[in-house]
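# Structural features, examined
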Amino acid sequence: MNTAKLELSVGIFMLIGILCMVYISVKLGKMELIGGNYYRVIARFDSASGLKSGARVEVAGVEVGSVAAIGLDKADGDRAEVTLKIRDGVKLTDDVIASVRTSGIIGDKFIKLKPGGSDRLLKDGGSIRETESAIDIEELVSKFIHGKVD
């Protein structure tokens, strides 16, 4: 009888330990099991070169979301369509400006959002109209070397 109680208590202890490890792994890995509290907006760029899914989205230097997907625009195959996941508490106006930026000299690319002054808010599935693509350093250096700088 004593052995059965001991085995039961050890089993319960192990189960609680495993559940705690799963919880910590999910929190530290910033994984989402049930989708989270986000809404999605779409931004179209001339070039999304170097941008990756999972890249951060910032407003005033504060992370407010992430890049959910990157693909070609279905209507216009010449532009990149970037889907952004924005936390529910963050309000974006319909005149927000999205730009692809680099953190540091050779750092990762991220999306910087600059709020506008409109009263109308973007809803789930809305589009950001004003975008700025990243500066292509390689193309800029090439133009400078070959004397084609404007």
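Quick note: structure is the one above.
Remember, it's a predicted structure, so these values are computed and weren't measured experimentally. (Residues numbered from 1 in each chain as written. Predicted model: local features only at pLDDT ≥ 70, side-chain atom pairs only at ≥ 80, totals over all residues. Heavy atoms only, no water.)

The subject of this paragraph is the pattern of salt bridges. In the structure shown here, the tally under the stated rule is five salt bridges. Note that Arg120 is salt-bridged to Asp94, the shortest N-O span being 3.1 Å. Of this pair, Arg120 sits in the loop between strand 6 (109-114) and strand 7 (126-128) while Asp94 sits in the loop between strand 4 (80-87) and strand 5 (97-102); the two residues are 26 residues apart in sequence, bridging distant segments of the chain. Take Arg120: its relative accessible area is 58%, and that puts it in the exposed class. Two residues, Asp94 and Arg129, come together in a salt bridge whose shortest N-O distance is 3.9 Å. Of this pair, Asp94 sits in the loop between strand 4 and strand 5 while Arg129 sits in the loop between strand 7 and strand 8 (130-132); the two residues are 35 residues apart in sequence, bridging distant segments of the chain. Among the ionic contacts, a cluster of salt bridges with common partners joins Asp94, Arg120 and Arg129. (Salt bridge = Lys/Arg side-chain N within 4 Å of Asp/Glu carboxyl O. Helix = DSSP H or I, 4+ residues; strand = E, 2+ residues; numbered from the N terminus. Buried < 20%, exposed > 50% of the residue type's maximum accessible area, 1.4 Å probe, protein only.)

Now for unusual backbone geometry. Here the phi dihedral of Ala60 falls at roughly 55°; this positive angle occurs in a residue that is not glycine. Looking at the secondary structure, you find Ala60 in the loop between strand 2 (56-59) and strand 3 (62-72).

We now examine the environment of Ala80. Here Ala80 shows up in strand 4. Judged by relative accessible area, which is 11%, Ala80 ranks as buried. Each C-alpha atom of the pair Ala80 and Ile70 lies 6.9 Å from the other, and the pair is 10 residues apart in sequence.

Summarising the element assignment, Lys109 is placed in strand 6. Here Lys109 is in contact with Ser49, Gly50, Leu51, Ala55, Val100, Arg101, Thr102 and Ala134, once residues within four sequence places are set aside. (Contact = heavy atoms within 4.5 Å.)

Once that is clear, we can look at the nonpolar core. Ranked by size, the top nonpolar core spans 24 residues in total, and within it Leu84, Ile86, Leu92, Ile111, Leu113 and Ile128 carry the most contacts. Broken down by secondary-structure element, the contributors of at least two residues to this core are strand 1 (38-45), strand 2, strand 3, strand 4, strand 5 and strand 6. (Core = buried A, V, L, I, M, F, W, Y, C linked by side-chain atoms within 4.5 Å.)

Turning to the sheet that holds strand 8, a few remarks are in order. Taking strand neighbours across the sheet as the criterion, the eight strands line up as 7-1-4-3-2-6-5-8 in an open arrangement whose pairing is mixed. The outermost strands of the open sheet, each flanked by one partner alone, are strand 7 and strand 8. Direction aside, the axes of adjacent strands within the sheet are offset by 30° on average. Across four bridges, the pairing between strand 2 and strand 3 is antiparallel. For Val59, the partnering residue across the bridge sits in strand 3 and is Val62. (Pairing = 2+ DSSP bridges. Axes fitted to C-alpha atoms, helices over the stretch in contact; angles between N-to-C directions.)

In this sheet, strand 6 lies alongside strand 5 in antiparallel orientation, the contact comprising six bridges. Each residue of the ladder has a partner; that of Ala98, found in strand 6, is Leu113. The hairpin formed by strand 5 and strand 6 contains six residues between the paired strands, and Gly104 there has a positive phi angle of roughly 80°. Bridge analysis of strand 5 against strand 8 gives three bridges, and the strand direction is parallel. Paired with Ala98 across the two strands is Thr131, which belongs to strand 8.

Worth remembering: the numbers are spatial, not functional.
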